[in-house]
Amino acid sequence: MSYYIRRLTQAAISFVAGLFLTFTLYRLVPGGPVDAIMAQRIQDMREQGGAINQREIAQMVESLTGVNPDQPIPVAFYEYIRDIVLYQDFGESILYQDPVFDILFRAIPWSMFLSIYGIMLGFTATILVGVIMAWKEGTKIDTGATVLVMVMRSIPYYVAAIAMLSFLGFQWGLFPTGGRAPPAADPGFNLEFMIGITQHAALPILSNFIVGFAGGALGMRALTVRVIGADYLRSARLRGLKSNRILTRYLTRNAILPIYTGFMIGIAAIFSSNVVTEEIFQYQGAGWYLLRAAVQQDYPLVMGAFVFFAGITVLGILIADFTYGLIDPRAGSGASRESF
Amino acid sequence: MSGEPQSDGGVTQESIFGTSEDAERQRTPPAERIRRAFDFYIATPFRVAWSDWRTRIGGIGVLFYILMGTVGVVVIGQPQMNEGPRYVGPFQTMEHPLGTTNMGTDILKQLVHSTPTMLKMALAGVVFSVGVAVLVGMISGYKGGTVDTVLMTVSDIFITLPGLPLIIVLAAIFSPEDPFIVGTIIAINQWPRLARQLRSQVIALREEDYVEAARSIGLSTPTIVGQELLPKLAPFILITAGGASVAIIFQSVALYFIGVLPYDTSNWGVMMQLAYEQGNAIASPQRAGHWLFFPLVTLSGMAFVTILFAQGLDRVFNPRLLARHSKTASEAEEEEPGGL
């Protein structure tokens, strides 16, 4: 039990520390958003010929960004976190004039949709291809698959996304070329809408699949080859067990163990890369909003999106650590294990 | 060795401070020593590398890209606007083999002149991420205790920071233009993973006999880490560095492509962005497709040869293979300073 508490505390600390780091960076760096807004206000006042009232400017900036520039950073950070925890108040977006929470709350399910399917497909393919390559080690299938995986690894996911969008979307018109849902359809549980969102999500999910797949398969092959040499596998074969049973119960289950944690961290990677994917497909998810906010220096929205992305990452690692015992009974609670 | 008759009729003495081997080494003429060192450190690894198709093709490819970034820039002229007609297709004229952009700029010239920027970014990123990772991972793993806890907590915090979103935010704040700085910013979320991996390897190594021996004769920690541990881990570090450089190039091109990073000189990502924004290459590939396509191919090619090379290096560092290919293997083995 103490392990869980310690692990949770550690996760909370790294989450808050990560946020604090970003928060500080945003405040400290000259020319950052708070400075930019202040400078603009001061200039506006000069042009109007009025006296420059520091306090008034500070209030304006605070109402715009949720940050009071006169406050010391730790106090400002504390107030920011307090507002989030107590009132779910992430501030108001400068760009959209809407509460940040509402914007993100509407966008996040769409990002989840893309990421989760991308991850599931990608990881399943990683395991399958890795195990098959190892099982057929040294044959033509192995060599061919190795070359194929290496080629896939050297094509970045956004290149695949561009190619798919260009050919499948624009040239052949098989898939919609942007957006989340058909504009004509009513949102809800009707067939037209559901088919529409599936079509819109197909290409982004495919490009997420590449993020999840490419890196892992060679590693999976190496791990599986190591397991194939183990004694218990030979004795399983001597006992006359069927190939299928050996493959699934004996080989794959044991080979997955070392990369399980990597998979969970991979979730975070896919959420990150969603920023680029969503931009290419003009898919209005959390990443799409984050990119717009970052470019336009919409400070409250960036911080809000950041809380979300950091939260997903911490959660992914935590879940990996806590569930590791389920797939590897030897690990117990995983207390003495290297996390990756 | 001892008791070997000498030309003067005496017998080799075995002293406390060294064996007759040392005496023999002192008598080896410098030219011979240089030849052996060359064979051991340069010629043999090269022979092993050449015997493996992955390192052979990968090495030639990497060399090609380096030449493109150094010699190619000198040989091929600076790209300019209105060098030719607008939107010349690829493989149509000898003057513009890969076609031209909407401004009539030659694409081949642009590709070549972008290479130094890409190489600089990869170099800066690799030096930073691998440097920090080696420092943190080695010290953390070797020292253990409080130092370990503190360093690993710090790297956990950096793992929590979501990669691409963080970089987008940082890029929006700093607006970096220097390729070295861009590479370093992108490497920020690369090092913690590598540091973790190195740490687990060092933890396994620190209990080895020869490290314990070094400790017991009172060598300082920097000496042990630098001279006993680092050489053992060099292959692993080099191979991961290959992977890190690919990741850095992918991310930088992604950032330029979605238009987050400012630029004053062209690079592959910028070319892709312009082709996408101004040439509308995705929607009308007949006209501007080549403008987008060639940077993509150049990028994927660079990634492919680097991955291939790094994969093959695995063999080069395998001591058994080295010994088989070495012409002076037996001597080389003896020349190694014996484990104290």
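Residues numbered from 1 in each chain as written. Chains lettered and ligands numbered in written order. Predicted model: local features only at pLDDT ≥ 70, side-chain atom pairs only at ≥ 80, totals over all residues.

Residues and elements named next belong to chain B. An ideal rise of 1.5 Å per residue puts 16 Å on 12 residues; helix α6 (residues 163–174) measures up with 16 Å between its terminal C-alpha atoms. Among all positions of α6, only Gly163, Leu164, Pro165, Leu166, Ile167, Ile168, Val169, Leu170, Ala171, Ala172 and Ile173 are buried. Within two residues after α6, serine 175 carries a phi angle of roughly 45 degrees, on the positive side. (Helix = DSSP H or I, 4+ residues; strand = E, 2+ residues; numbered from the N terminus. Expected span 1.5 Å × (residues − 1). Buried ≥ 20, exposed ≤ 12 C-beta atoms within 10 Å, placed from the backbone.)

The phi torsion at glutamine 282 of chain A lies on the positive side, around 50 degrees, for a residue other than glycine. Tracing the chain through its elements places glutamine 282 of chain A in the loop between α11 (243–280) and α12 (286–295).

All names here are of chain B. As for its placement among the helices and strands, glycine 137 is situated in helix α4 (residues 107–143). Overall, glycine 137 belongs to the buried group, with 28 C-beta atoms counted inside 10 Å. The sequence separation of glycine 137 and tryptophan 191 amounts to 54 residues, and the corresponding C-alpha distance is 9.5 Å. Glycine 137 has contacts with Leu194, Ala195, Leu198, Arg199 and Val202, leaving out every residue within four places of it along the chain. (Contact = placed C-beta atoms within 7 Å.)

Contacts between the two partners involve 44 residues from chain A and, on the opposite side, 30 residues from chain B. Where the side of chain A that touches chain B is concerned, the elements lending two or more residues are α1 (2–28), α6 (140–154), α7 (157–171), α11, α12 and α13 (299–327) of chain A. Of the residues contributing to the side of chain A that touches chain B, the split by class is 30 nonpolar, 11 polar and 3 charged. (Nonpolar A, V, L, I, M, F, W, Y, C, P; charged D, E, K, R; others polar.)

This brings us to the confidence of the model for chain B. Low pLDDT marks regions whose predicted coordinates should not be analysed in detail. Residues and elements named next belong to chain B. Averaged over chain B, the pLDDT score is 76; the fraction of residues at 70 or greater is 81%. Ranking the helices and strands of chain B by mean pLDDT puts α4 first, with 87, and helix α14 (residues 329–335) last, with 40. Every residue in residues 329–340 is under pLDDT 50, and counting partners more than four places away or in other chains gives 11 contacts. In the model output, the complex is listed with pTM 0.77 alongside ipTM 0.76. (pLDDT = per-residue confidence, 0-100.)

Below, the discussion takes up the nonpolar core. Of all hydrophobic cores here, the largest spans 155 residues; its most connected members are Ala161, Val302 and Ala305 of chain A together with Ile168 and Ile249 of chain B. In terms of residues, this core owes the most to one element, α4 of chain B, which gives 16 residues. Other than its neighbours up to four places away in sequence, valine 302 of chain A contacts Leu290, Ala293 and Ala294 of chain A together with Val169 of chain B. (Core = buried A, V, L, I, M, F, W, Y, C linked by C-beta atoms within 7 Å.)

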